[in-house]
Amino acid sequence: MDKKLLIKKALEAKEKAYAPYSKFRVGAAILTRTGKIYTGCNIENASYTPTICAERTAIAKAVSEGERDIVAIAVTGDSKWTYPCGVCRQVIREFGKDAIVIIVNTEDEYKEYKLSELLPHSFGPEDLNN
Ligand code: THU
């Protein structure tokens, strides 16, 4: 996996954030099983609740292109360590039970987790297959 590239893409994606209300920018980049990278930024709305997080923007782009298998996701925001919100953790879970989550401060400073560490005892698609 080209971790450095994924991190760079997340940092670049943050620059595209549309966050005029919170002024908190977030960027994400996901690597899919086919080796492609999809990026996303947070997109806010004057009505507030329609806001979409960077992670879910990237996942929506990937899934709408037929990609359903997330290998890794890099996330970066305007705090030193920006972790995915609970909703995004659940959406990553849907397509990446074993995904690696890379929390990025700078190109050279990042932390790595398994999704299962950030979302233990998770509920997922398999639970419905009884
Ligand atoms: N945000 C994300 O994009 N991803 C997260 O996981 C945390 C929160 C965005 C949503 C909103 O635009 C801004 O950060 C402040 O909450």
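For the structure, check the block above.
In this report, the structure presented in the accompanying data block is examined. In every chain, residue numbers begin from 1 and rise along the written sequence. Only residues with pLDDT of 70 or above have their local features reported here, since the model is predicted, and side-chain atom pairs are shown and tallied only from 80 upward, although totals for entire chains, interfaces and linings are computed over all residues. Side-chain numbers here rest on the full set of heavy atoms in the structure, without hydrogens or water.

### A few points about the site of the ligand
Point 1. Being near a molecule or strand, for a residue, comes down to having at least one heavy atom within 4 Å of it. Close contacts around the ligand come from Ser22, Phe24, Val26, Asn42, Glu44, Thr51, Cys53, Ala54, Glu55, Tyr83, Pro84 and Cys85, and that covers them all.
Point 2. Contacts to the ligand include Glu55, whose side-chain N or O atom sits 2.7 Å from an oxygen atom.
Point 3. Backbone polar atom of Cys85 to an oxygen atom of the ligand: 2.8 Å apart, as the coordinates give it.
Point 4. Within the complex, the protein chains bury 78% of what would otherwise be the 380 Å² of accessible surface of the ligand. Two N or O atoms form a polar contact when they lie within 3.5 Å of each other; inside protein one atom must be a possible hydrogen donor and the other a possible acceptor, and for residues adjacent in sequence the pair counts only when both atoms belong to side chains. Working definition of accessibility: Shrake-Rupley area with a 1.4 Å probe, residue cover restricted to the visible protein chains.

### Side note on the side chain of Arg93
Point 1. On the secondary structure map, Arg93 appears in helix α3 (residues 86–95).
Point 2. Exposed residues in this analysis have more than 50% of their type's maximum accessible area, buried residues have under 20%, and partly exposed residues fall in between, with area computed by a 1.4 Å probe over protein chains only. Accessibility expressed as a relative area gives 3% for Arg93, which makes it buried.
Point 3. Residue contacts are defined here by distance: any two heavy atoms, one from each residue, within 4.5 Å place the two residues in contact. Excluding residues within four positions of it along the chain, Arg93 makes contact with Leu115, Leu119, Ser122, Phe123, Gly124, Pro125, Glu126 and Asp127. Helix numbers and strand numbers start at the N terminus; a helix is a DSSP run of H or I with at least 4 residues, a strand a run of E with at least 2.

### A look at the sheet that holds strand β3 (residues 70–77)
Backbone hydrogen bonds are what pair the strands of a sheet, in a parallel or an antiparallel way.
Point 1. A pair of strands is labelled paired if DSSP reports no fewer than 2 bridges between them. In spatial order, the strands read β2-β1-β3-β4-β5; together these 5 strands make up an open sheet with mixed pairing. The open sheet has two edge strands with one neighbour each: β2 (37–41) and β5 (109–114). The average angle at which neighbouring strand axes cross in this sheet is 20°, direction not considered.
Point 2. Judged from the 7 bridges that link them, strand β1 (residues 26–32) and β3 form a sheet pairing that is antiparallel. Within β3, the residue paired with Ala29 across the bridge is Ala74. The axes are straight lines fitted to the C-alpha atoms, using for helices just the contacting stretch, and the angles between their N-to-C directions are given from 0 to 180°.

### Looking at helix α1 (residues 3–14)
Point 1. Expected span of a helix: the number of residues minus one, times 1.5 Å. Taking 1.5 Å per residue as the helical rise, α1 with its 12 residues ought to reach 16 Å, and the 17 Å between its terminal C-alpha atoms agrees with that figure.
Point 2. Buried residues of α1: Leu6, Ile7, Ala10, Ala13 and Lys14, and no others. Each buried residue of α1 sits inside an arc of 125° when the element is viewed along its axis, so together they form one side. Working note: the arc is built from the helix axis to C-beta atom directions.

### With respect to the pattern of salt bridges
Point 1. The salt bridge criterion pairs a side-chain nitrogen of Lys or Arg with a carboxyl oxygen of Asp or Glu, the two atoms within 4 Å. For the structure on display, the rule yields 10 salt bridges.
Point 2. Measuring nitrogen to oxygen at the nearest pair gives 3.6 Å for the salt bridge that ties Arg25 to Glu15. With Arg25 in the loop between α1 and β1 and Glu15 in the loop between α1 and β1, this pair connects stretches of sequence that are 10 residues apart.
Point 3. Residue class for Arg25 comes out partly exposed when judged on its relative accessible area of 30%.
Point 4. Measuring nitrogen to oxygen at the nearest pair gives 3.0 Å for the salt bridge that ties Arg25 to Asp78. Here Arg25 is found in the loop between α1 and β1, whereas its partner Asp78 is found in the loop between β3 and α3, with 53 residues between them in sequence.
Point 5. Asp78 sits in the partly exposed class, given a relative accessible area of 32%.
Point 6. One connected set of salt bridges, linked through shared partners, spans Lys14, Glu15, Arg25 and Asp78.

What is shown is where atoms sit, not what they do.
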